[in-house]
Amino acid sequence: MGIISWIILGLIAGALAKWLMPGNDGGGWIATCGLGIAGSLAGGWIGSLIGLGAAGGINIGSIIIATAGALILLFIYNRFIR
């Protein structure tokens, strides 16, 4: 998957994660993009470890896996880092 695909998938996953877990996060669009890209990497890694498959390409399965990873990172950020 190319870098442009990761950025697009990260934007979608980050926006969905912030929409699903609203609150005062203090991050703007750049933080959302970073969160989404990191979430897609983490979600793909965790998904491949437990047998769900990795985030490969822009499809509904990859968006779900990447959003789940972004939600996990957003939860960790809100609870422990902030």
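Conventions and cut-offs
Residues numbered from 1 in each chain as written. Predicted model: local features only at pLDDT ≥ 70, side-chain atom pairs only at ≥ 80, totals over all residues. Heavy atoms only, no water. UniProt positions renumbered as here; feature names shortened; annotations may be inferred. Helix = DSSP H or I, 4+ residues; strand = E, 2+ residues; numbered from the N terminus. Contact = heavy atoms within 4.5 Å. Patch = residues over 30% accessible without salt bridge, like charges linked within 9 Å, V, L, I, M, F, W, Y side chains within 5 Å. Areas by Shrake-Rupley, 256 points an atom, 1.4 Å probe, with all protein chains shown as cover. Salt bridge = Lys/Arg side-chain N within 4 Å of Asp/Glu carboxyl O.

If you look the protein up in an unreviewed UniProt entry, it shows as Transglycosylase associated protein from Photobacterium andalusiense. One UniProt comment on the protein, placed under Subcellular location (unreviewed entry), says "Cell membrane". Recorded under Sequence similarities (unreviewed entry), the UniProt text for the protein is reproduced unchanged: "Belongs to the UPF0410 family."

S.K.: Break down the environment of Leu74 for me, citing the residues and quoting the values.
M.R.: By the element assignment, Leu74 lies in helix α3 (residues 60-81). Along the primary structure Leu74 and Lys18 are separated by 56 residues, whereas in three dimensions their C-alpha atoms are 7.9 Å apart.

S.K.: Give a description of the environment of Gly36 that names residues and reports values.
M.R.: Among the secondary structure elements, Gly36 is positioned in helix α2 (residues 29-49). Expressed as a C-alpha distance, the spacing of Gly36 and Lys18, which sit 18 residues apart in the sequence, is 9.4 Å. Setting aside residues no more than four positions away along its own chain, Gly36 makes contact with Gly10, Ala13, Gly14 and Ala70.

S.K.: Can you tell me about the UniProt feature "transmembrane region" (unreviewed entry) in the protein, naming the residues and giving the values?
M.R.: UniProt annotation of "transmembrane region" (unreviewed entry) refers to residues 27-46 and 58-77 when read in the numbering used here. Counted over residues 58-77, helix gives 90% and strand 0%. Its end C-alpha atoms are 26 Å apart.

S.K.: Can you break down a nonpolar patch on the surface residue by residue, with the values?
M.R.: A surface patch of nonpolar side chains, amounting to about 1100 Å² of accessible area, comprises Trp45, Ile46, Leu49, Ile50, Ile72, Phe75, Ile76, Tyr77, Phe80 and Ile81. Contributions of two or more residues to the nonpolar patch are made by α2 and α3. The dominant element in the nonpolar patch, judged by the number of residues it contributes, is α3, at 6 residues. Along the chain, Trp45 falls in helix α2.

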